[in-house]
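# Structure at a glance
So the chains spell out like this:
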Amino acid sequence: MTEEPRDLGGFIRDLRRNARISLRQLAEQAGVSNPYLSQIERGLRKPSAEVLAQLAGALRVSTPLMYLRAGLLEREGHDVLAAIAADSDLTVAQKQSLTQIYETFRRENARNTSDSADAEADGANTHGAQVERAPDAEPTRSHEESQ
(Lines give C-alpha, C1' and ligand atoms only; values in the text may rest on other atoms or scores of the structure.)
Protein backbone atom coordinates (compact mmCIF):
# COMPACT_ATOMS: atom_id res chain seq x y z
CA MET A 1 0.00 0.00 0.00
CA THR A 2 1.31 3.46 -0.84
CA GLU A 3 1.73 6.14 1.77
CA GLU A 4 -1.40 8.18 2.36
CA PRO A 5 -1.15 11.67 0.84
CA ARG A 6 -0.50 14.36 3.43
CA ASP A 7 -2.58 17.01 1.72
CA LEU A 8 -5.80 17.33 -0.25
CA GLY A 9 -3.98 18.12 -3.50
CA GLY A 10 -1.85 15.00 -3.23
CA PHE A 11 -4.94 12.95 -2.45
CA ILE A 12 -6.72 14.26 -5.55
CA ARG A 13 -3.62 13.69 -7.68
CA ASP A 14 -3.34 10.09 -6.43
CA LEU A 15 -7.02 9.43 -7.14
CA ARG A 16 -6.61 10.88 -10.63
CA ARG A 17 -3.53 8.78 -11.33
CA ASN A 18 -5.18 5.63 -9.99
CA ALA A 19 -8.11 6.34 -12.30
CA ARG A 20 -5.59 6.73 -15.14
CA ILE A 21 -6.93 10.05 -16.36
CA SER A 22 -4.98 13.15 -17.24
CA LEU A 23 -5.15 16.45 -15.42
CA ARG A 24 -6.86 17.93 -18.46
CA GLN A 25 -9.48 15.14 -18.56
CA LEU A 26 -10.30 15.51 -14.87
CA ALA A 27 -10.54 19.28 -15.18
CA GLU A 28 -12.98 18.89 -18.07
CA GLN A 29 -15.08 16.25 -16.29
CA ALA A 30 -15.22 18.29 -13.08
CA GLY A 31 -15.99 21.55 -14.88
CA VAL A 32 -12.92 23.43 -13.65
CA SER A 33 -10.01 24.94 -15.54
CA ASN A 34 -6.84 22.96 -16.12
CA PRO A 35 -4.60 25.58 -14.41
CA TYR A 36 -6.93 25.77 -11.40
CA LEU A 37 -6.90 21.98 -10.95
CA SER A 38 -3.12 21.97 -11.27
CA GLN A 39 -2.89 24.58 -8.51
CA ILE A 40 -5.20 22.47 -6.29
CA GLU A 41 -3.06 19.37 -6.82
CA ARG A 42 0.09 21.32 -5.96
CA GLY A 43 -1.50 22.72 -2.80
CA LEU A 44 -1.51 26.33 -4.04
CA ARG A 45 -5.30 26.68 -3.99
CA LYS A 46 -7.99 25.41 -1.64
CA PRO A 47 -11.12 24.39 -3.54
CA SER A 48 -14.61 25.28 -2.39
CA ALA A 49 -17.05 22.63 -1.20
CA GLU A 50 -18.79 22.87 -4.58
CA VAL A 51 -15.55 22.21 -6.50
CA LEU A 52 -14.75 19.32 -4.15
CA ALA A 53 -18.16 17.79 -4.90
CA GLN A 54 -17.52 18.18 -8.65
CA LEU A 55 -14.10 16.54 -8.32
CA ALA A 56 -15.56 13.72 -6.22
CA GLY A 57 -18.15 13.05 -8.89
CA ALA A 58 -15.57 13.05 -11.67
CA LEU A 59 -13.26 10.77 -9.67
CA ARG A 60 -16.13 8.52 -8.61
CA VAL A 61 -15.52 8.85 -4.89
CA SER A 62 -17.98 10.03 -2.26
CA THR A 63 -18.38 13.73 -1.64
CA PRO A 64 -18.16 13.17 2.16
CA LEU A 65 -14.77 11.55 1.62
CA MET A 66 -13.55 14.65 -0.24
CA TYR A 67 -14.95 16.89 2.48
CA LEU A 68 -13.25 14.74 5.10
CA ARG A 69 -9.89 15.03 3.36
CA ALA A 70 -10.37 18.78 3.02
CA GLY A 71 -11.08 19.10 6.73
CA LEU A 72 -14.71 20.09 6.23
CA LEU A 73 -16.05 17.05 8.12
CA GLU A 74 -15.19 15.52 11.46
CA ARG A 75 -13.02 12.43 11.22
CA GLU A 76 -15.11 10.39 13.69
CA GLY A 77 -16.63 7.38 11.94
CA HIS A 78 -14.98 8.16 8.60
CA ASP A 79 -11.65 6.36 8.99
CA VAL A 80 -13.10 3.58 6.86
CA LEU A 81 -13.66 5.99 3.96
CA ALA A 82 -10.10 7.25 4.20
CA ALA A 83 -8.77 3.68 4.25
CA ILE A 84 -10.81 2.75 1.19
CA ALA A 85 -9.61 5.82 -0.71
CA ALA A 86 -5.98 5.24 0.21
CA ASP A 87 -5.92 1.55 -0.76
CA SER A 88 -3.91 1.36 -3.98
CA ASP A 89 -4.92 -2.29 -4.50
CA LEU A 90 -8.53 -1.29 -5.22
CA THR A 91 -9.82 0.08 -8.51
CA VAL A 92 -11.76 3.34 -8.60
CA ALA A 93 -14.96 1.37 -9.24
CA GLN A 94 -14.27 -0.89 -6.26
CA LYS A 95 -13.57 2.12 -4.02
CA GLN A 96 -16.81 3.73 -5.15
CA SER A 97 -18.80 0.54 -4.47
CA LEU A 98 -17.30 0.01 -1.02
CA THR A 99 -17.86 3.65 -0.10
CA GLN A 100 -21.51 3.51 -1.19
CA ILE A 101 -22.11 0.30 0.73
CA TYR A 102 -20.47 1.70 3.86
CA GLU A 103 -22.46 4.94 3.71
CA THR A 104 -25.69 2.99 3.12
CA PHE A 105 -25.05 0.85 6.20
CA ARG A 106 -24.30 3.93 8.33
CA ARG A 107 -27.50 5.68 7.19
CA GLU A 108 -29.53 2.50 7.83
CA ASN A 109 -28.06 2.09 11.31
CA ALA A 110 -28.71 5.73 12.14
CA ARG A 111 -32.31 5.35 10.96
CA ASN A 112 -32.73 2.11 12.98
CA THR A 113 -31.30 3.77 16.07
CA SER A 114 -33.73 6.64 15.64
CA ASP A 115 -36.65 4.24 15.07
CA SER A 116 -35.68 2.22 18.18
CA ALA A 117 -35.57 5.36 20.31
CA ASP A 118 -39.00 6.37 18.98
CA ALA A 119 -40.39 2.88 19.68
CA GLU A 120 -38.98 2.92 23.22
CA ALA A 121 -40.54 6.32 23.84
CA ASP A 122 -43.88 5.08 22.47
CA GLY A 123 -43.58 1.91 24.56
CA ALA A 124 -42.96 3.95 27.69
CA ASN A 125 -46.03 6.05 26.95
CA THR A 126 -48.16 2.97 26.25
CA HIS A 127 -46.83 1.17 29.33
CA GLY A 128 -47.61 4.19 31.44
CA ALA A 129 -51.18 4.21 30.14
CA GLN A 130 -51.59 0.51 30.97
CA VAL A 131 -50.29 1.04 34.49
CA GLU A 132 -52.88 3.75 35.05
CA ARG A 133 -55.72 1.36 34.04
CA ALA A 134 -54.32 -1.67 35.88
CA PRO A 135 -55.92 -0.97 39.31
CA ASP A 136 -59.40 -0.96 37.71
CA ALA A 137 -58.86 -4.21 35.81
CA GLU A 138 -59.77 -7.65 37.17
CA PRO A 139 -56.97 -10.19 37.00
CA THR A 140 -57.64 -12.78 34.36
CA ARG A 141 -57.61 -16.39 35.55
CA SER A 142 -57.48 -19.51 33.50
CA HIS A 143 -60.07 -22.23 33.97
CA GLU A 144 -57.47 -24.43 35.71
CA GLU A 145 -56.59 -21.70 38.26
CA SER A 146 -60.22 -21.25 39.32
CA GLN A 147 -60.62 -24.93 40.26
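Residues numbered from 1 in each chain as written. Predicted model: local features only at pLDDT ≥ 70, side-chain atom pairs only at ≥ 80, totals over all residues. Heavy atoms only, no water.

All right, on to the packing of helix α1 (residues 8-18) against helix α4 (residues 49-59) then. Where α1 contacts α4, the axes come no closer than 10 Å and their chain directions differ by 25 degrees. The angle between α1 and α4 places the two elements in the roughly parallel class. Where α1 crosses over α4, the handedness of that crossing is left-handed. Each of L8, I12, L15 and R16 in α1 lies in contact with α4, whose residues at this interface are L52, L55 and L59. (Axes fitted to C-alpha atoms, helices over the stretch in contact; angles between N-to-C directions. Helix = DSSP H or I, 4+ residues; strand = E, 2+ residues; numbered from the N terminus. Parallel < 35°, antiparallel > 145°, perpendicular 65-115°, else oblique. Left-handed = near helix turned anticlockwise from the far one by under 90°. Contact = heavy atoms within 4.5 Å.)

With that settled, consider the packing of aromatic side chains. Across all of its chains, the model carries zero aromatic pairs by this definition. The ring of F11 has R69 sitting right over it, with the charged end atom 4.3 Å from the ring centre. (Phe/Tyr/Trp six-rings, centres within 6.5 Å; stacked < 30°, edge-to-face > 60°. Lys NZ or Arg CZ within 6 Å of the ring centre and 35° of its normal.)

I12, L26, L37, L55, L59 and M66 are the most contacted members of the largest nonpolar core, which has 27 residues in total. Elements represented by at least two residues in this core include exactly α1, α2 (23-30), α3 (34-41), α4, α5 (63-70) and α6 (79-86). When residues in this core are grouped by element, the largest group, six residues, is from α4. (Core = buried A, V, L, I, M, F, W, Y, C linked by side-chain atoms within 4.5 Å. Buried < 20%, exposed > 50% of the residue type's maximum accessible area, 1.4 Å probe, protein only.)

Nothing here speaks to function; it is geometry throughout.
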